[in-house]
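# Structure assessment
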Amino acid sequence: MCWNLNITDSSILHNLYSTDTNRKISALSKLVQTSDEVIIEKIISLLNDDEISVRGEVFSTLFQNKNNISVKLIDGLHNPSKNIRAFCSIILANRNDKNAINSIIKLVTDLSGMVRSCAFGSLGHLRATEAKKEIHHGIFDSNIEAKKSAAYALILINEDFSVQERKELEGQKDPDFKKILEKIINN
């Protein structure tokens with residue numbers, strides 16, 4: 001079912017601005033194919049909602065949207081909210097939006113470790129070989145999750161690991177790095 005957004009914009013926005021989680025989720029589930037820019041912007045803003053169920057519904061709504069909403073998602077990469085920056089990078093990657101690669105590359109130096117981790121993961125998912133230099137630097141990131149994402153991204157883009165990078169991964173006290181190192185050896 002597709003809503004006629006010209007008639008119901010205020011009702012839709014009212015539900016999206018609601019403090020009632022169920023009203024937000026109900027409205028979001030009906031907006032999967034909206035192309036209305038005001039509505040898209042509000043949906044993206046809900047990636048910063050306090051409720052994980054709302055954020056999940058937003059992710060699903062934006063991922064499934066077949067319209068060209070890339071510009072708004074790329075704009076989200078510059079949002080002050082780390083949640084919006086991180087999740088927009090993941091949504092763009094899952095939509096296989098290669099036009100977003102250069103904008104996502106800029107996030108690998110973000111102040112938030114979560115954002116850097118999502119950026120490395122997104123670049124790997126997009127098989128962004130043009131970001132290999134930045135991804136290699138991610139192996140030495142101070143955030144362990146960003147380091148993991150960078151390592152896995154290098155595997156996805158079929159990059160070899162330097163001796164220093166292998167030593168860096170071997171020195172980690174996290175069991176995920178053992179799995180990553182096994183993948184490196186088996187490639």
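Along each chain, residues carry numbers from 1 onward, in the same order as the chain's sequence is written. Only residues with pLDDT of 70 or above have their local features reported here, since the model is predicted, and side-chain atom pairs are shown and tallied only from 80 upward, although totals for entire chains, interfaces and linings are computed over all residues. Computation of side-chain values: all heavy atoms of the structure, hydrogens and water removed.

Attention now goes to helix 12 (residues 175–186). Secondary structure is summarised from DSSP: a helix means a run of H or I of at least four residues, a strand means a run of E of at least two, and numbering begins at the N terminus for each. One less than the number of residues in a helix, times 1.5 Å, gives the span that helix is expected to have. Spanning 12 residues, helix 12 covers 17 Å between terminal C-alpha atoms, matching the ideal 16 Å at 1.5 Å per step. Two residues qualify as a contact provided that any one of their heavy atoms is within 4.5 Å of a heavy atom in the partner residue. Residues of helix 12 that are buried sit in contact with helix 10 (144–156) and helix 11 (163–170). Two to three positions downstream of the cap, the backbone nitrogen of D176 sits 2.8 Å from a side-chain oxygen, assigning the N-cap of helix 12 to D174. For this analysis, a polar contact is any N or O atom pair within 3.5 Å, provided that within protein one partner can donate a hydrogen and the other can accept it, and provided that sequence-adjacent residues contribute only side-chain to side-chain pairs.

On to the packing of helix 4 (residues 52–64) against helix 6 (residues 82–94). At a closest axis distance of 10 Å, the pairing of helix 4 and helix 6 adopts a crossing angle of 35°. Regarding helix 4 and helix 6, the two cross each other, and that crossing is right-handed. Across the interface between the two elements, R55, F59, L62 and F63 of helix 4 pack against F87, I90, I91 and N94 of helix 6. When residues are grouped by polarity, Ala, Val, Leu, Ile, Met, Phe, Trp, Tyr, Cys and Pro land in nonpolar, Asp, Glu, Lys and Arg in charged, and all others, Gly among them, in polar. Class assignment of the residues belonging to the contact of helix 4 with helix 6 gives a composition of six nonpolar, one polar and one charged. Here the axes come from fitting lines to C-alpha atoms, over the contacting stretch only for helices, and the angles between their N-to-C directions go from 0 to 180 degrees. Each crossing gets its handedness from the near helix: less than a right angle anticlockwise from the far helix is left-handed, clockwise is right-handed.

Take unusual backbone geometry next. Negative phi values dominate among residues other than glycine, just as trans dominates among peptide bonds. The phi torsion at R127 lies on the positive side, around 55°, for a residue other than glycine. With respect to the secondary-structure elements, R127 resides in the loop between helix 8 (113–125) and helix 9 (132–138). Its identity as a non-glycine residue notwithstanding, N158 has a phi of 60°, on the positive side. The residue N158 is located in the loop between helix 10 and helix 11 in this model.

Okay, the confidence of the model for the protein next. By definition, pLDDT measures how confident the predictor is in each residue, and it falls between 0 and 100. Mean pLDDT over the protein works out to 92, with 95% of the residues at or above the 70 mark. Note on residues 1–7: pLDDT under 50 across the span, and nine contacts to partners over four residues away in sequence or across chains.

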